[in-house]
Amino acid sequence: MELPRSTRRSTVVGNYILGDEIGKGAHGQVYRAIDKRDGRVVAVKEIPLRATSAYDVDAIESECALLRSLSHRNVTRFLGTVRAPEHLYILLELAENGSLAGVIKPSRFGPTPEPLAACYVAQLLDGLIYLHANGVTHRDIKGANVLATKDGVVKIADFGVAVRVHGGAANPPVNPAHHPARSVDDDDGDPGASPVGTPYWWGLSSSPACFPSFIPCVFVRSITIQ
């Protein structure tokens, strides 16, 4: 028998009413929520402040500042934050299909047909080209951090270890003192020198120079579940 999902039903966060849990992260849960003004459905990440260190809260706020400066079809859209006495809520665009890593599970759709995998990868590249053109290096690209909407639009998500390469864009850089990842200045300007992100994917998503390496990995993973 399938157990019921966790829910925060009827909890009001700003203009949003929380519903069922749709995911979990390192610092908290993610819930589906509905805007009580117009019925729009979004994703809300709930972070318990008492269980999160001040350092991590600063890092999360730096991630929000970075997301706020980005606007692209293939990057998860940041909608704002709501701070309550015991929780920080991050409001994000909802990608109804979840992560690509989840989509290809045997319990869902299984291996992705090659034409669809190619469609996903093309959109992923569009998003990454935009990020790199704006001086942003994600540093943790993998199936779990690439989402898809119900219309098949790919969204790059989870910028927790991303950095903005100095001089790469006019937008203000993320404050490296508040970020879990080191500044690129710590490694003689090489954003790929810091071993951050997910171990099996280290080095594959560090910089534009790694495109030829990690894009085939994402493609093969999506069509073979290997």
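Rules of the game
Residues numbered from 1 in each chain as written. Predicted model: local features only at pLDDT ≥ 70, side-chain atom pairs only at ≥ 80, totals over all residues. Heavy atoms only, no water. Helix = DSSP H or I, 4+ residues; strand = E, 2+ residues; numbered from the N terminus. Buried < 20%, exposed > 50% of the residue type's maximum accessible area, 1.4 Å probe, protein only. Areas by Shrake-Rupley, 256 points an atom, 1.4 Å probe, with all protein chains shown as cover. Expected span 1.5 Å × (residues − 1). Pairing = 2+ DSSP bridges. Salt bridge = Lys/Arg side-chain N within 4 Å of Asp/Glu carboxyl O. Core = buried A, V, L, I, M, F, W, Y, C linked by side-chain atoms within 4.5 Å. Contact = heavy atoms within 4.5 Å. Axes fitted to C-alpha atoms, helices over the stretch in contact; angles between N-to-C directions.

Undergrad: Would you mind going over the overall build of the chain with me for this structure?
TA: Per the secondary structure count, the chain includes four helices and 11 strands. Sorting the 226 residues of the chain into buried and exposed places 46% on the buried side. By element, 55% of the accessible surface of the chain is carried by carbon and sulfur atoms, the whole surface being about 11,600 Å².

Undergrad: Would you mind going over helix H3 (residues 114-133) with me for this structure?
TA: Because an α-helix packs 3.6 residues into every turn, residues spaced three or four apart end up facing the same way. End to end, H3 covers 28 Å across 20 residues, agreeing with the expected 28 Å (1.5 Å per residue, within 8%). Among the residues of H3, those classed as buried are Ala117, Tyr120, Val121, Gln123, Leu124, Gly127, Leu128, Tyr130, Leu131 and His132. A positive phi of about 80° marks Gly135, the residue just after H3.

Undergrad: Even after reading the chapter, I still don't get the pairing of strand E3 (residues 29-35), so can you show me in this structure?
TA: In regular strands, side chains alternate between the two faces of the sheet. Of the pairings in the sheet, the one linking strand E2 (residues 16-24) to E3 comprises six bridges and is antiparallel in character. Along E3, the bridge assignment pairs Gly23 with Val30. The hairpin formed by E2 and E3 contains four residues between the paired strands. The loop that links E3 with its antiparallel partner strand E4 (residues 41-48) comprises five residues; one of these, Gly39, has a positive phi angle of about 85°.

Undergrad: I'm lost on the pattern of salt bridges in this one. Help?
TA: Opposite charge on two side chains permits them to pair, given that their charged atoms come into close proximity. In the structure shown here, the tally under the stated rule is seven salt bridges. Salt-bridge contacts for Arg37 lead to Asp35; the nearest nitrogen and oxygen are separated by 2.8 Å. Its relative accessible area of 1% is what places Asp35 among the buried residues. By sharing partners, the salt bridges in this structure join Asp35, Arg37 and Arg40 into a single network.

Undergrad: What exactly am I supposed to notice about the nonpolar core here?
TA: One broad trend across soluble globular proteins is that nonpolar side chains are buried collectively. In terms of nonpolar packing, the biggest core is built from 27 residues, with Leu70, Ile90, Leu131, Val136, Ile156 and Phe159 touching the most fellow members. When residues of this core are traced back to their parent elements, those giving at least two are helix H1 (54-68), strand E6 (87-92), H3, strand E9 (146-148) and strand E10 (154-156). Judged by nonpolar contacts, the second largest core, of nine residues, contains Val13, Tyr16, Ala33 and Val44.

Undergrad: Teacher, can you tell me more about the sheet that holds E2 here?
TA: The strands that make up a sheet are held in pairs by hydrogen bonds between backbone atoms, and each pair lies either parallel or antiparallel. Read across the sheet, six strands follow the order E1-E2-E3-E4-E6-E5 without closing on themselves; strand pairing throughout is antiparallel. The sheet is open, and its two edges are formed by strand E1 (12-13) and strand E5 (78-83), each paired on a single side. Where E4 lies against E6, six bridges are found, and the strand directions are antiparallel. The residue of E6 that forms the bridge with Glu46 is Tyr89. With respect to the sheet, H1 is in contact with E4, E5 and E6, its orientation differing from that of E5 by roughly 150°.

Undergrad: Honestly, H1 in this entry has me stumped. Any pointers?
TA: Between the first and last C-alpha of H1 there are 21 Å, a value that for 15 residues agrees with the 21 Å anticipated at 1.5 Å per step. Listing the buried residues of H1 in full gives Val57, Ala59, Ile60, Ser62, Glu63, Cys64, Leu66 and Leu67. On the buried face of H1, the contacting elements are E4, E5, E6, strand E8 (136-137) and strand E11 (163-164).

Undergrad: Sorry, what's going on with the sheet that holds E9 here?
TA: Reading across from one edge, E7-E9-E10 is the order of the three strands in this open sheet, with antiparallel pairing throughout. Strand pairing shows two members of the sheet lacking a second neighbour, strand E7 (98-99) and E10, which therefore form its edges. Strand direction decides the pairing type here: E9 and E10, joined by three bridges, are antiparallel. Looking at E10, one finds that Leu147 is bridged to Lys155. In this fold H3 packs onto E9 and E10, with an angle of close to 35° to the strand it touches most, E10.

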